[in-house]
Amino acid sequence: MTDKEKRELCLRALETMKNSYSPYSQFKVGAVLLCRDGMVYEGCNIENSAYSPTVCAERVAVFKAVSEGVKDFSAIAVAGGHDGHVTGQITPCGVCRQVLAEFAGGDLVVLAVKSCDGEYDEFTLGELLPHSFEL
Ligand code: THU
């Protein structure tokens, strides 16, 4: 993946973030999942008045892909901020890391968007979730 492609994925995560349904936290998150076949799946966080049904942006993107039969992922870009203002990077929560680890290896690229211009820090899933649970 080139730097330009990574930046484009990050810009798309910033756009996807705008679809966030987050009336309870006001924290908007967008995630864009790039699959090895070139398909791209977008997700935003979707909150609920009962709180626990809330789903993170990353899991929405992963579940959209898997539900369409796509399970080979190469990268995910994540952007988030209060009221959609990105003032620093966020990385996937622990639950989403484990969900990503269900389908991807430690080499999955995780792009953490850190500005509204699409600047990012780059991690691997292995760095973010060493020793993931496996049966
Ligand atoms: N959230 C995500 O969408 N992804 C993360 O990795 C962490 C948190 C959402 C859940 C909730 O709607 C809001 O951010 C505040 O926690």
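Calculation criteria
- Residues numbered from 1 in each chain as written.
- Predicted model: local features only at pLDDT ≥ 70, side-chain atom pairs only at ≥ 80, totals over all residues.
- Heavy atoms only, no water.
- Pairing = 2+ DSSP bridges.
- Helix = DSSP H or I, 4+ residues; strand = E, 2+ residues; numbered from the N terminus.
- Axes fitted to C-alpha atoms, helices over the stretch in contact; angles between N-to-C directions.
- Contact = heavy atoms within 4.5 Å.
- Phe/Tyr/Trp six-rings, centres within 6.5 Å; stacked < 30°, edge-to-face > 60°.
- Buried < 20%, exposed > 50% of the residue type's maximum accessible area, 1.4 Å probe, protein only.
- Near = heavy atom within 4 Å.
- Polar contact = N/O pair within 3.5 Å; in protein donor to acceptor, adjacent residues only side chain to side chain.
- Patch = residues over 30% accessible without salt bridge, like charges linked within 9 Å, V, L, I, M, F, W, Y side chains within 5 Å.
- Areas by Shrake-Rupley, 256 points an atom, 1.4 Å probe, with all protein chains shown as cover.
- Salt bridge = Lys/Arg side-chain N within 4 Å of Asp/Glu carboxyl O.
- Core = buried A, V, L, I, M, F, W, Y, C linked by side-chain atoms within 4.5 Å.

Draft legend 1. Just the sheet that holds strand β1 (residues 27-35), in detail. The strand order β2-β1-β3-β4-β5 describes an open sheet built from five strands, whose pairing is mixed. In the strand order of this sheet, the two ends are held by β2 (40-44) and β5 (120-124), each with one partner. Adjacent strand axes in the sheet meet at a mean angle of 20°, parallel and antiparallel pairs treated alike. Of the strands in this sheet, β1, β2, β3 (73-82), β4 (109-113) and β5 touch helix α1 (residues 3-17), which is tilted by about 140° from β1.

Draft legend 2. Examining the packing of aromatic side chains more closely. For the coordinates displayed, the defined rule picks out two aromatic pairs. Arranged with centres 5.8 Å apart and planes meeting at 55°, the rings of Y24 and Y51 form a pair that is tilted. Taken together, the residues Y24 in the loop between α1 and β1 and Y51 in the loop between β2 and α2 (57-67) connect sequence positions 27 residues apart.

Draft legend 3. Representation of the pairing of β3 in the model. Taking burial as the measure, the ten residues of β3 include nine buried ones, the bulk of the element. Note: β3 against β4, four bridges, orientation parallel. Looking across to β4, one finds that I76 is bridged to V110.

Draft legend 4. A look at the site of the ligand. Near the ligand you find S25, F27, V29, N45, E47, T54, C56, A57, E58, T91, P92 and C93, and these make up its full shell. In the model, an oxygen atom of the ligand is placed 2.5 Å from a nitrogen or oxygen of the E47 side chain. At a separation of 2.7 Å, an oxygen atom of the ligand approaches a polar side-chain atom of E58. At the level of elements, β1 and α2 are the ones that each hand at least two residues to the shell around the ligand.

Draft legend 5. Representation of the pairing of β2. Across five bridges, the pairing between β1 and β2 is antiparallel. Within β2, the position partnered with A31 by the bridge is G43. Between β1 and β2, which follow one another and run antiparallel, lie four residues, and G38 among them has a positive phi close to 95°.

Draft legend 6. Examining a nonpolar patch on the surface more closely. Taken together, the side chains of Y21, Y24, I46 and Y51 define a hydrophobic patch exposed on the protein surface, amounting to about 430 Å² of accessible area. Following the sequence through the fold, I46 ends up in the loop between β2 and α2.

Draft legend 7. Looking closely at the nonpolar core. Membership of the largest hydrophobic core comes to 21 residues, with the highest contact counts inside it found for L33, C35, A65, F73, I76 and L108. Residues within four places of L33 in sequence aside, it is in contact with M39, V40, Y41, A61, V62, A65, F73, A75 and I76. By size, the runner-up hydrophobic cluster in this structure holds 15 residues, among which are A13, M17, L34 and V86.

Draft legend 8. Highlighting unusual backbone geometry. In this structure, Q26 takes a positive phi of about 60° despite not being glycine. Take Q26: it is sitting in the loop between α1 and β1. Unlike most non-glycine residues, D83 shows phi in positive territory, near 55°. For D83, the location among the structural elements is in the loop between β3 and α3 (94-103). Assessed through its relative accessible area of 42%, D83 is described here as partly exposed.

By themselves, these are just geometric observations and shouldn't be taken as functional.
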